[in-house]
Amino acid sequence: MLLSVNALQKELPAVSKVPLKDLCDLIASLGFPIDDVAQSGTGPVLDVDITANRGDVMSHRGLARDLAAKLGQDLSPVDLDPLEEGEALVPIRLEADACPLYSTAVLTLGAMQTTPEDVRQFLASLGSNAKDMAAVDASNELLHRYGHPTHAFDADKLRGGIVIRHAAAGEKITTLDGVERTLTEKDLVIADDRGPIALAGLMGGESTKVDLDTRRVLLESAWFEPRVVRAMARRHGLHTDASHRFGRGADPSMARIARDLLAARLKQWAWASLDGAWTEGEEPGPAKPISLTKDLLHRIAGEPLSMEDAALKLQRLGCEVEANHVALRALPPSWRHDLALPEDLAEEVLRLRGYDLIPSTLPPVKSDPEPLAAEYQQRQGVARRLACLGFFQTVTLGFISPEADAEFAGTPAGGRTLGNPLGYEYSILRGSLLSSLKHAAEYNLRQGAREVRLFEIAPTFHSAPGGPEERSTLGIVWAGETGGLDPLTPKGPVQPAALQGILAALGVHGAPAQVRVLEGGLLAAEVALADLPAASGRVIPPFQGFSRFPSVERDLSLVVPFGLSFGRLAETIQGALMGTPLHTLTCVDIYRGKGLPDGHQAWLLRLIFQGDRTLTGDEVDVWVGSALEAARSLKAELRG
């Protein structure tokens, strides 16, 4: 989220005394890292990383509220002139539980309208250009400043009353981005007598949008159930500033305030006059009080903390707190939907206190390493082997669309459908790796790749009566053409026999039957890892420490009969030198020819001794003599 430091100072004047670097560190210490700092016409702009559970911080006022709690300072008062509500000018019905509150007002705009220059610069610094329509610009400015989304309909384009309801299956709406969308029964819409005019909490409709000819506007400032908004945004792939805030949980108490602020700006910027203001429904009930005991706080903090201090910190965050020396009871404010457990309260206390003050203690660790799992060694062995054969290991998403799944999956998708997917294209636990690998190979071919070799080792899922069953699977695709780079390797498409050979080398039974030839000559194969041979055990030599003392080297030239292996000779000599600091024994030269008895050859052995002390020449001579005696037991003699 982009945040103007200048606008933040207006919400919390104490920030003006904090240097920019210290401000960044302060915000980060509250759990919101700063990704970037840029300069704009209004001063520094921070790119703040907001966690998914903190919709209340997605505005200048929201972040200022957290900073005020940390610094123990007061926020600037909101310049608010509450509207006097009266009879409804347009009938509004709330037919869905997902919208319990809908505040609105109708205003008639003046002949001229303008967006103040400071607001233009404020919006520009946040990457949102002014539209030169007071209702639109004011709504955008309030969104960034106070975090509660609002919307303005052209009141003269409405037909009949307004209904907040779930859509009928197959209903359509053209949203402000010009896209016609087909709705489902799970979608929440704002509708008039003609049908949907907005997707609740996401985006308005084209049919009632405000333009330069608009003379009367109907303002919308509501509260929508976060889960419904999140599901709609995923279903339609429509992620907007409004959906991000409603989806994370807006503050229901801000509905009337945001409407009043929007109306006040229209009066100032467009010389608008109020025709009427009213509210349908009520705010959702308050959250339940949460109890935090002293023992739990101490256990999470790692040290004793004062309950009085904990209560003070929670009060700074807006909680209503009753406390004694062993426990406290806190009622979260309307904007903190993320506070539901005692652990949440403890975390807030520690966050305001400073995570850096939590004492750190390394736990005792026993460092006996566990052996690597056989399945891991098998995956590593297969991956290394395919990499050596020129294949690239690939990682693709485990969720795919029903159409992509049906192309290769061996079981119906019914038991593998997600209840709350990120979107339709990610709604199925994949039953095969080949769909994603095929897509990746085709993409590379379209980008000009001459040959594509890909493989992936990942879980696939199969529908079963008890739920999805997982198994580790190897998928391979091979596409394009090979050869043609020299006269000896003719150019041609990849051949199934080549992939069959690779599968056979991996130990796949019935390799020819596993290879599939897909459209465009793309070759594909998929096997369960359980059907491949287990990996052989790893050989890990014991570690031998390095000596700080010099080594002593001796050469021993022996005449040995043909038929005596070096391994047997070395084993015999090493056995004779057991207990000595023999470091290495190698054969560095072999001679066969004149001067040697028939049936014999000469080996030059090199013995290197090194220990944890300085060795003497006399003791090394004794060890070499023992080596020679051992060699003689195998009919080897010292070469004269």
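The structure we're discussing is the one just above.
Parameters and conventions
Residues numbered from 1 in each chain as written. Predicted model: local features only at pLDDT ≥ 70, side-chain atom pairs only at ≥ 80, totals over all residues. Heavy atoms only, no water. Helix = DSSP H or I, 4+ residues; strand = E, 2+ residues; numbered from the N terminus. Buried < 20%, exposed > 50% of the residue type's maximum accessible area, 1.4 Å probe, protein only. Contact = heavy atoms within 4.5 Å. Lys, Arg positive; Asp, Glu negative; His and termini not counted. Charge placed at Lys NZ, Arg CZ, Asp CG, Glu CD. Phe/Tyr/Trp six-rings, centres within 6.5 Å; stacked < 30°, edge-to-face > 60°. Lys NZ or Arg CZ within 6 Å of the ring centre and 35° of its normal. Arc of directions from axis to C-beta. Axes fitted to C-alpha atoms, helices over the stretch in contact; angles between N-to-C directions. Parallel < 35°, antiparallel > 145°, perpendicular 65-115°, else oblique. Nonpolar A, V, L, I, M, F, W, Y, C, P; charged D, E, K, R; others polar. Pairing = 2+ DSSP bridges. Expected span 1.5 Å × (residues − 1). Salt bridge = Lys/Arg side-chain N within 4 Å of Asp/Glu carboxyl O.

With that out of the way, let us pick up the overall build of the chain. In terms of regular secondary structure, the chain is built from 18 helices and 29 strands. If one aligns the C-alpha atoms of the chain with their principal axes, the spans along those axes are about 125 × 65 × 50 Å. In the chain, which comprises 640 residues, the proportion classed as buried is 45%. Once local pairs closer than 6 in sequence are excluded, the contacts in the chain between residues at least 24 apart make up 70%. Distance from the positive charge centre (64 side chains) to the negative charge centre (83 side chains) of the chain: 5 Å.

Next up on the list: the packing of aromatic side chains. Scanning the model with the defined rule gives 4 aromatic pairs in all. A centroid spacing of 5.1 Å and a plane angle of 70° characterise the contact between Phe224 and Phe246, whose relative ring orientation is edge-to-face. Residue Phe224 is located in the loop between strand E13 (216–223) and helix H6 (226–236), and its partner Phe246 is located in helix H7 (residues 241–248); the two are separated by 22 residues in the primary sequence. Neither Phe224 nor Phe246 differs from the other in exposure class; each is buried. Over the face of the ring belonging to Trp335 we find Arg65, whose NZ or CZ atom lies 4.2 Å from the ring centre. In this structure, Arg453 is placed above the aromatic ring of Phe391, and the distance from its NZ or CZ to the ring centre is 5.6 Å.

A few words now on helix H10 (residues 307–316). Burial in H10 covers these residues: Met307, Ala310, Ala311, Lys313 and Leu314. In a view along the axis of H10, the buried residues occupy a sector of 160°, so they form one face of it. Against strand E15 (290–293), helix H9 (294–301), strand E16 (320–323), strand E17 (327–331) and helix H11 (342–353) lie the buried residues of H10. Gly318 occupies a position one or two residues after H10 and carries a positive phi of about 105°.

Relative to each other, H10 and H11 sit at 90°, their axes nearing to 9 Å. Viewed along their axes, H10 and H11 adopt a mutual orientation that is roughly perpendicular. Of the residues in H11, those in contact with Ala310, Lys313 and Leu314 of H10 are Leu345, Glu348, Val349, Leu352 and Arg353. A breakdown of the residues in the contact of H10 with H11 according to their chemical character gives 5 nonpolar, no polar and 3 charged.

Mapped onto the fold, Gly484 is located in the loop between strand E22 (469–482) and strand E23 (492–493). Among residues more than four places away in sequence, those in contact with Gly484 are Arg450, Thr489, Pro490 and Lys491.

With that out of the way, let us pick up the sheet that holds strand E5 (residues 101–108). Taken in spatial order, the 4 strands line up as E6-E13-E5-E14 in an open sheet, and their pairing is antiparallel. Lying at the two open borders of the sheet, with one neighbouring strand each, are strand E6 (151–154) and strand E14 (273–281). Here the strands of the sheet are splayed against their neighbours by 20° on average, with no regard to which way each runs. As defined by bridge partners, E5 adjoins E14 across 8 bridges and the pair is classed as antiparallel. Along E14, the bridge assignment pairs Thr104 with Trp278.

In contact at an axis separation of 10 Å, helix H2 (residues 20–29) and helix H3 (residues 60–71) are set at 95° when each is read in the N-to-C sense. Relative to H3, H2 is oriented roughly perpendicular. Facing Leu23, Leu26, Ile27 and Ser29 of H2, the residues of H3 in contact are Leu63, Leu67, Lys70 and Leu71. Of the residues in the contact of H2 with H3, the class split is 6 nonpolar, 1 polar and 1 charged.

Looking now at helix H12 (residues 374–388). Its 15 residues place the ends of H12 21 Å apart at the C-alpha level, agreeing with the 21 Å of an ideal helix rising 1.5 Å per residue. Residues of H12 that are buried in the fold lie against strand E18 (392–393), strand E21 (451–462), E22 and helix H15 (496–506). Just downstream of H12 lies Gly390, where phi reads positive at about 95°.

According to the stated counting rule, one finds 40 salt bridges in the structure shown. Glu85 is the partner of Arg256 in a salt bridge, and the nearest nitrogen-oxygen pair spans 3.7 Å. Of the two residues, Arg256 is situated in helix H8 (residues 254–270) and Glu85 in the loop between H3 and strand E4 (92–94); the sequence distance between them amounts to 171 residues. Here Glu85 falls in the partly exposed class, since its relative accessible area comes to 34%.

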